[in-house]
Structures are given as C-alpha cells and as structure tokens.
Amino acid sequence: MKSAQIPRKAYERELRRLQEELVKMAEWVKDSGARLVVIFEGRDAAGKGGTIKRITEFLNPRIARIVALPLPTERQRTQWYFQRYIEQLPAGGEIALFDRSWYNRAGIEKVLGFCTPEEHRQFLQQCPIFERLLVNDGIYLIKYWFSVSEEEQARRFEARIDDPMRRWKLSPTDLYSRTRWVDYSRAKDEMFVHTDIPEAPWFVVPADDKRRARVNCMAHLLSRVPYVPRKPERIKLPEPQMDEGYLRPSREVYTYVPDHAATILG
C-alpha cells in the first residue's frame, strides 16, 4: 500500500528540525574526534544526491565532506581496489559521505563488464573483511541503499530529459542501465548476501517518495550516532574598531558589477 505523501509544510518543518540535529551531531563528531563514514548506494535517480544535499546543507564543510570520485586513473586501476577509497576516509573529528563508494564494483562494474568475474568475486570476499577492519578501528560505518521502483525511475528520467537544468544528470550509462534492470537487481541481491554483515549492515530506504526518503534517512542516521548535543556558548558581538581618521576612497575608483536586479523590478 502506497503511503500518503507528507504535506510540504510538515516536511519542511521536520526537515529543518532534523538539520538542526545534524549540526549538533557534527559538532559532537568534531569535539569527540569520532570518525563517521556514511555510504549512499542505489539505482540511478533513486534520490541519493538530494538526500546528501539536505544532510550537508548546514554542516560545517571542514567537518563534513562529500566523496564522489570520478573514474579511476590508469595508475589507480593498477592499485588494490580499495586503495583510492582508503585515501578518502575521515580523520578524527570528520564525516565522509560517499555518493557511491567501493560498491561500484558490485553494481555497475559487475553489470556492465568493467571488472572481470574474478575481480568481482574478490570484491565480495574482501569487502566484509575491509569493513570489519574499519569498524574494529572505531569508525562509525553506516550504509544506505535507496530503493526506487522501475516506474518511478522512468518518471524521474523523463523529468530530467525535459529540464535543461538537470539534463546533465542523465548520462548514457544511466539510460543504458534501464535495459539491464534485472541484471542490476541480481547484482544487488548478490551484494547483499555477502556484505550485509552484523558489523556493517545495509539499511534500505524506500525512495519512491523523495520527501519521506529524506526525512527517514536523516532521522535514522541521527539514531545510529551516539552524539551528545553540546550546550551552545554564549556569544557576544564585539564592538567595531574606532574610525581613527580612516577615509574611504571615492566610489569612482572601484569597478562595480551592473545592477541586474534593477532590471527585474519592472
């Protein structure tokens, strides 16, 4: 049964509350020296990027950063598969949010033949070991799979085609993935069998309703991190420096941008 869509005002109110809590969580991460890794995976147009955007909207970029790696270089192709991802792991007091991650090997690389069957087999064998090492070293590792239906993905793709501001988000690989829907499903099922481990379980986010998916994911993320809100410090705005005879140069010596705003006022 399809759930009723959250009204916009209720959604925006809860989104704001969750974003305020995320700021508190990030401050706790900074103060405690914790290391937090959050992985976002799922099919194309499942809503991962929009959720990450809302999570990080008000966070200090010195604490939280988004990791969205490009295609590996020729040198990186000769490295141990996990090596370039290890370089992106957080230091103490940092949060790394992976917009796709090492799980590329279990999904797109497997389905489109970008890795060999042996490389795929090695990944499924090594990934649980790798993740256990991260968790055993004290890293908080949280993995989300955004689940979208074939019908909803098609609708979102069509919306991107018709929107010049978002057409860049629709790549040839995205379009081709539509023809391999079942292959992706099989690859995802096999990935879950091997990598849904107690130390780092998968959490599935039903994502046909973007608003519901965002607030559900954000609320769950907050529940998985044992943060303690810090009492806000009282801040007093200092008095400005006294004039002491400073004379500002004439406006004519500066080059100002044209007042474009004036043209839209009618």
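Computed from a predicted model, the values in this text were never measured in an experiment.

Attention now goes to the pairing of strand β3 (residues 94-99). For strand β1 (residues 35-42) and β3, the ladder comprises six bridges, and the chain directions are parallel. Within the sheet, the bridge partner assigned to Val37 lies in β3 and is Ala96. Judged from the four bridges that link them, strand β2 (residues 64-67) and β3 form a sheet pairing that is parallel. What sits directly across from Arg65, in β3, is Ala96.

Judged by nonpolar contacts, the single largest core of 36 residues is most densely connected at Phe40, Ile95, Tyr144 and Phe146. If you list the elements that add at least two residues to this core, you get α1 (8-32), β1, α2 (48-56), β3, β4 (140-147), β5 (202-206) and α10 (210-224). Among the elements that make up this core, the one with the highest residue count is α1 (eight residues). Ignoring anything within four residues of it in the chain, the contact list for Phe146 reads Phe40, Glu41, Gly42, Arg43, Ala46, Gly47, Lys48, Thr51, Val205, Ala207, Ala213 and Cys217. Membership of the second largest hydrophobic core comes to 25 residues, among which are Leu89, Leu134, Ile139 and Met191.

One open sheet holds the five strands; their spatial order is β2-β3-β1-β4-β5, and the pairing between them is parallel. Unpaired on one side and paired on the other, β2 and β5 mark the two borders of the sheet. Averaged over all adjacent pairs, the angle separating strand axes in this sheet is 20 degrees, with direction ignored. As paired elements, β1 and β4 share seven bridges and run parallel to each other.

Tallied over the full model, the rule gives zero disulfides. Note on Cys115: no disulfide assigned, nearest cysteine sulfur contributed by Cys127 at a separation of 13 Å.

Moving on, we get to α10. For α10, built from 15 residues, the straight-helix expectation of 21 Å at 1.5 Å per residue is met to within 8% by its first-to-last C-alpha distance of 21 Å. Buried within α10 are the following residues: Arg211, Ala213, Arg214, Val215, Cys217, Met218, Leu221 and Leu222. Where α10 is buried, its residues touch α1, β1, α2, β4 and β5.

Time to look at the packing of aromatic side chains. Ring pairs (aromatic) are described by centroid distance and by the angle formed between their planes. The full count for this structure, using the stated rule, is 21 aromatic pairs. Here the aromatic rings of Phe40 and Phe146 are separated by 6.1 Å at their centres, their planes lie at 40 degrees, and the arrangement is tilted. Pair noted here: Phe40 is in strand β1 and Phe146 is in strand β4, with a separation of 106 residues, a long-range link. Residue class for Phe40 comes out buried when judged on its relative accessible area of 0%. When its relative accessible area of 0% is taken as the criterion, Phe146 is described as buried.

Calculation notes
Residues numbered from 1 in each chain as written. Predicted model: local features only at pLDDT ≥ 70, side-chain atom pairs only at ≥ 80, totals over all residues. Heavy atoms only, no water. Pairing = 2+ DSSP bridges. Helix = DSSP H or I, 4+ residues; strand = E, 2+ residues; numbered from the N terminus. Core = buried A, V, L, I, M, F, W, Y, C linked by side-chain atoms within 4.5 Å. Buried < 20%, exposed > 50% of the residue type's maximum accessible area, 1.4 Å probe, protein only. Contact = heavy atoms within 4.5 Å. Axes fitted to C-alpha atoms, helices over the stretch in contact; angles between N-to-C directions. Disulfide = S-S within 2.5 Å. Expected span 1.5 Å × (residues − 1). Phe/Tyr/Trp six-rings, centres within 6.5 Å; stacked < 30°, edge-to-face > 60°.

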